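For reference, the chains in residue letters:
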Amino acid sequence: MGNWIVDQAHSTVGFEVKHMMVSKVRGQFDSFKAEIEAEDLMDLTTANIVFKFDGDSINTRNLERDNHLKSADFFDIQKYPTIDFKSTTITKNRKSYKVMGDLTIKDRTKPLVFDVAFGGKGTNPQGIEVYGYEAEAMINREEFGLTWNAALETGGVLVGKEVKIKVELELNQQDSAVLEISSLERKSLIENKQLSDEVHRIIAENLSDLVAIIDRNGAIQYVSPLFEKVLNYDLSLLENSNFYEKIHRDEQDTVRNEIVSYCGRTINRALKSEFRFLHEEGYYIDVEANIVSINEPSFSEKDLILVLMRDISEQKEVHKAIYQLAFHDSLTNLPNRRSFMNQLRNEVMERKFSKSNLSIFFIDLDNFKQINDQWGHDAGDFVLKEAAKRIQSVIRPTDIAARFGGDEFVVMLEDVQDEQYVITIVQSILEQFQNPIKEAGQEYTLTCSIGVAHFPEHGESPEVLIKNADNALYYVKERGKNDFKVFDQRIEDQSLERRLLENAIRQGIMEHQFYLEYQPKINMSTNELFGMEALVRWKHPDLGIIPPGKFIPLAEETGLIVPLGELILKESCRQASAWKNQGYPPLIISVNVSVRQLEDINFVDKVKMILHETGFDPKWLEFEITESVLANVKSTVAILKEIRNLGIQISVDDFGTGYSSLSYIKDLPINTLKVDQSFVKDIHTNKESKEIAKAIINLAKSIGLNVIAEGIELQEHVDELSKDGYVLGQGYFYSRPLKVEAFEEFMRTIHEAS
C-alpha cells in the first residue's frame, strides 16, 4: 500500500447549508488532515481513507457566521474540536465510487456515504502525476445535534435538515516520475492560436451572459458585445482596461485572490463567485460569475481566465424584499420577533466572551383592545405606529426596538453600565405614554407596562431572558399596569407556580377533574324555583378543591377557557337532559360564556354539535356573558344574534359595573340583566345602591327584559328588592351552589313546599 499525499494548496473540504436569504451558506475547513493509502489511485477500491477536519478553521468569508457555526449550537468546537471520517468500504461503478465510512461530529458517530467521481489525471509544473477526485455527501443535522435554526446573520435562518459536504482532492506521490514537455513541442502548440472546442462550447452555451477573457493580472483580452448592450461600455476601450478595477473596491482583493489561487490548481472545475461590477454610468450591478481557467497551450502562452457573468440585481432586490417581509413588521417598520431573536442570539453569543451586560424590556400597551374596539382598526394601527416612534425616541441608535406582535414591543439595551441607567430609560418610556396620542382631532389615552430582565443576571440565553422579562411584565399587569418591574426571584417563583397551574389545568381537562355545581334561581315574589346557574369546580387529585378564583383568570388568559367552557356546556346540557328524563320539571340552566369563547370562530358550530349530541332543547339554555363583552358592540351583536337564532337565551352578568350604555342596551339581543351583587349587598342601608338597583329594574321592565339580582344573602335584601314588584334572585339566602345529588334534593324539597 502506498501513501498518497494531499496537495493542501489545491484541495478543499467544504460544506453547504441551506439559508433563507442567500440560498446557501458555503464554507470550508481551511485546516484538515488526510491519510490515504492505496496501491493504485486509478482504483480507489484499494484505498483506506482517514480525515480530520479542524473545526476552528471554518471559513465562510463572514466572521459572524463562522462564530455561529463554531458555537455550541452547531459544531461546538470548544468541546469537539475535530470532525473525523474513516472509510470502511469502497465500491466502484465505472468511473464513480461510493466511499462508505463512519463520520464523527460532537462525539456522535454515524455511517456516511460519499459519492466520489474521478476528476482526471494531470501533471503539475514539477512534472509530478496528480490525481483529482470530487466527493459529495449529505448529513442530517438533527442526527449530529446540529439543530440550531437561528440566524447565521441578520437576514436569514438555516432551513432544511441537511448539510452537504463537498471534497475536492488533488493527490500525488512525491517520487512520481518527472515528465517534461520539450520547448519545440511547446512552441508548436503556442503557434496554434485557435480556441479549443471546449472554449467554443462554453461561450456558445452562455451567449446570454457577459463573457470576458482576462489574464491572471486582470488585463482584459476580450469582452462579448453584451458588455456594450447591458453595461453601455465602448468595447475597444474596455479591452484595454483592467477587469479587477471594475469590481467594487470592497470586493476587489477577495475576487483577485480567489482567481489567483484558483489558477494555481492543476485539475480545475469552474470557480463560482458573486460580486458587484461597475456600469459605465457609475453605479454597480450584482453579478454571479462562473470562472474557468483556459490552460490550453493551443490558445495562448499566457494563463487566461474565462469569466461568465450574469446580472442578478433583480434577484438581489427580490431577496431584499423578502428580507423586509420576513424580518420587519410591515406596520411600524420595526424588526419583528424573528429578527429581534436573531440579533439577541448574536449579542448574547458575543457577550459570552466579552462579559458586557445588556437589558431586555418587554413592553405591553395597556387596554389597547379598547381602542381597536371603540375606534376601529385604523385608529389602532395609528396608535401602534405612534407607540413605536415614542419608544424609539428614548433609546440610543445602537439599541434595538422591535414589535413582537399585537400590542407587544421589546427593546434591547446594549452595553449597559448600571441598573440606574436602565431605570432612567424605562421611566422615560413610561413618561412618553403619559401624553395622549392625537390624530384627526381625536385623542387616545394610552399607558404601557414594562418588564425588565438583565443579561447575564436574569438569564444567559435569549429564551430565558425574554421569558423572565415577560414574567416581570405579567407581574406589573396583575398589579394595576402603567408601571415597570425588574425581574427577581419572587417573580420566578410565582411564574413557576403559574406554569405548573397552567399545565395542571390542561391535564385536568383531559382527565375530567372538573365537575359542576348548580346554584338555584328563585322567583322572590312566589318563592318558586325557575332555573339554576352551572358553576365549574376543580378537584385536583393531589391538591384537593382549587377555588375558581385561582384557575378561571389563568384559563381566560391562556385560552384554556375555550376547551374548559366546551366541557362545562356539554356537561350542563347532558345533566339538564338527564333531569328532564327523570321527570323533574324543566328549568332554565345558565352557563357562563367568556369573551375568549365568543371570539372562537367555531363557537356556534360547537354549540350546535353539543345540543345535537345531548338532545337538549335550546329554549331551556341561557348563556351568561359579562358586561365587558359589550365593549365591542359591533362584533358582539353579530355573534349574539346567531346564538339567539338557535333559541338560546342571553343574560348580561354583573350589569352596572362594566362598559355598556343604558342608551343602547335595548338594541342588543339579550333577555335578562343581572344586577351585580356589589349593589345588592348594602341595598338595605345604602341609598345610592338602592337607587342604582331600582334604575336597572325599571330600565329592564321598560324595554321588556327580565331582571335577576345576584348576591341575595339576607331577608332584608329580599324585602327591599320585592317592593317594586316581580324580581328574580340568586344567592346564599336561598342556597349555595349544590352538587348533583344535593340539587336534586333541593328540587324535591321546594316542589313539596309549593
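None of the values given here were measured: they were computed from a predicted structure.

## Quick word on the overall build of the protein
Summing up its helical and strand segments, the protein has 22 helices and 33 strands in all. Taken across its 754 residues, the protein has 50% of its residues classed as buried. Partitioning the contacts of the protein with sequence separation of at least 6, the portion at a separation of at least 24 is 64%.

## Remarks on the sheet that holds strand 20 (residues 408–414)
Strand order across the open sheet formed by five strands is 19-20-18-23-24, with mixed pairing between neighbours. In this open sheet, the two strands that pair with only one neighbour each are strand 19 (400–405) and strand 24 (484–486). Strand-to-strand, the axes of this sheet are offset by a mean angle of 20°, without reference to chain direction. In terms of strand pairing, strand 23 (residues 448–455) meets strand 24 through three bridges, oriented parallel. Residue pairing for strand 24: Val 452 is matched across the bridge by Val 486.

## Points about the packing of helix 15 (residues 561–581) against helix 17 (residues 603–614)
Where helix 15 meets helix 17, the axes come as close as 9 Å, and the angle between the chain directions of the two elements is 30°. Taken as axis vectors, helix 15 and helix 17 run roughly parallel relative to one another. You can see that helix 15 and helix 17 cross each other, and the crossing is right-handed. Of helix 17, the residues touching helix 15 (which contributes Val 562, Glu 566, Leu 569, Lys 570, Cys 573, Arg 574 and Ser 577) are Lys 606, Val 607, Met 609, Ile 610, Leu 611, Glu 613 and Thr 614. Counted by class, the contact of helix 15 with helix 17 contains seven nonpolar, two polar and five charged residues.

## Thoughts on empty space enclosed by the protein
For the structure on display, the rule yields five cavities of 30 Å³ or more. Of the pockets and cavities examined, the largest cavity occupies roughly 180 Å³. If you go around the largest cavity, you meet 14 residues; those closest to its centre are Ile 49, Phe 51, Val 116, Ala 135 and Leu 169. Put simply, the parts of the chain that give the lining of the largest cavity at least two residues each are strand 5 (48–54), strand 9 (108–123), strand 10 (129–140) and strand 12 (156–172). In terms of residue class, the lining of the largest cavity is built from 13 nonpolar, no polar and one charged. With three residues, helix 15 is the largest single contributor of residues to the lining of the second largest cavity. Along the lines of polarity and charge, the residues of the lining of the second largest cavity split into ten nonpolar, no polar and one charged.

## Comments concerning helix 22 (residues 740–753)
Under the 1.5 Å per step criterion, the end-to-end length of helix 22 is 20 Å for 14 residues, consistent within 8% with the ideal 20 Å. The complete set of buried residues in helix 22 reads Val 740, Phe 743, Glu 744, Phe 746, Met 747 and Ile 750. Burial along helix 22 is one-sided: seen end-on, the buried residues are contained in an arc of 155°. Facing away from the buried surface of helix 22 by more than 90 degrees, the exposed residues are Glu 741, Glu 752 and Ala 753.

## Some thoughts on the pairing of strand 8 (residues 96–105)
Examined bridge by bridge, strand 7 (residues 82–93) and strand 8 share nine bridges and lie antiparallel to one another. Bridge assignment links Asp 84 to a residue of strand 8, and that residue is Thr 104. Where strand 7 folds back on strand 8, the antiparallel hairpin that results is connected by two residues, among which Arg 94 adopts a positive phi of roughly 60°. Two strands pair when backbone bridges link them, and strand 8 and strand 9 are joined in this way by ten bridges, in the antiparallel orientation. Paired with Tyr 97 across the bridge in strand 9 is Val 116. What sits between strand 8 and strand 9 in their antiparallel hairpin is a turn of two residues, with Lys 106 showing a positive phi close to 50°.

## Observations regarding the sheet that holds strand 16 (residues 284–294)
Spatially, five strands are ordered 14-13-17-16-15 in an open sheet, and the strand pairing comes out antiparallel. Strands at the two margins of the open sheet, each flanked by one partner only, are strand 14 (220–223) and strand 15 (271–278). The average undirected angle you get between the axes of adjacent strands in this sheet is 30°. With eight bridges connecting them, strand 16 and strand 17 (residues 304–311) associate as antiparallel partners. Directly across from Ala 289, in strand 17, lies its bridge partner Met 309. Its contacts with the sheet put helix 6 (residues 249–263) on strand 13 (210–215), strand 15, strand 16 and strand 17, and the angle it makes with strand 15 is roughly 150°.

## Concerning unusual backbone geometry
Residues other than glycine predominantly adopt negative phi, and peptide bonds predominantly adopt the trans conformation. In this structure, the amide linkage connecting Phe 455 to the following residue, Pro 456, adopts the cis form with an omega of 5°. When you line up the elements, Pro 456 lands in the loop between strand 23 and helix 12 (462–478). The backbone of Asp 107 sits at a positive phi, close to 70°, despite the residue not being glycine. Considering the arrangement of structural elements, one finds Asp 107 in the loop between strand 8 and strand 9. Positive phi is not limited to glycine here, since Asp 415 has a value of about 50°.

## Examining the nonpolar core
In terms of nonpolar packing, the biggest core is built from 76 residues, with Leu 621 and Phe 623 touching the most fellow members. Broken down by element, this core gets its largest block of residues, eight residues, from helix 15. Non-local contacts of Leu 621, meaning those with residues more than four positions away in its chain, are made with Leu 569, Cys 573, Ile 589, Val 591, Leu 611, Phe 616, Ile 648 and Gln 649.

## Quick look at the confidence of the model for the protein
Confidence along the protein averages 83 in pLDDT terms, with 86% of residues attaining 70 or more. Taken element by element, the predicted model of the protein shows its lowest mean pLDDT in helix 2 (residues 183–190) (36) and its highest in strand 28 (residues 588–592) (96). Residue range residues 149–156 is modelled with pLDDT below 50. Its contacts to residues more than four positions away, or to other chains, number 38 contacts. Taken together, the stretch residues 175–197 has pLDDT below 50 and engages in 23 contacts with residues farther than four places along the chain or on a different chain.

## Digging into the pattern of salt bridges
Counted according to the given criterion, the structure contains 34 salt bridges. Where Asp 84 meets Lys 52, a salt bridge forms, and the shortest distance between an N and an O atom there is 3.2 Å. In this pair, Asp 84 is assigned in strand 7 and Lys 52 in strand 5, connecting sequence segments 32 residues apart. Using a relative accessible area of 41% as the deciding quantity, one classes Lys 52 as partly exposed.

Cut-offs applied
- Residues numbered from 1 in each chain as written.
- Predicted model: local features only at pLDDT ≥ 70, side-chain atom pairs only at ≥ 80, totals over all residues.
- Heavy atoms only, no water.
- Helix = DSSP H or I, 4+ residues; strand = E, 2+ residues; numbered from the N terminus.
- Buried < 20%, exposed > 50% of the residue type's maximum accessible area, 1.4 Å probe, protein only.
- Contact = heavy atoms within 4.5 Å.
- Pairing = 2+ DSSP bridges.
- Axes fitted to C-alpha atoms, helices over the stretch in contact; angles between N-to-C directions.
- Parallel < 35°, antiparallel > 145°, perpendicular 65-115°, else oblique.
- Left-handed = near helix turned anticlockwise from the far one by under 90°.
- Nonpolar A, V, L, I, M, F, W, Y, C, P; charged D, E, K, R; others polar.
- 1 Å grid on protein atoms, 1.4 Å probe; cavity = no way out; pocket = protein on both sides within 12 Å on 5 of 7 lines; lining within 4 Å.
- Points joined across faces, edges and corners; volume = space filled by probe spheres on them.
- Expected span 1.5 Å × (residues − 1).
- Arc of directions from axis to C-beta.
- Core = buried A, V, L, I, M, F, W, Y, C linked by side-chain atoms within 4.5 Å.
- pLDDT = per-residue confidence, 0-100.
- Salt bridge = Lys/Arg side-chain N within 4 Å of Asp/Glu carboxyl O.

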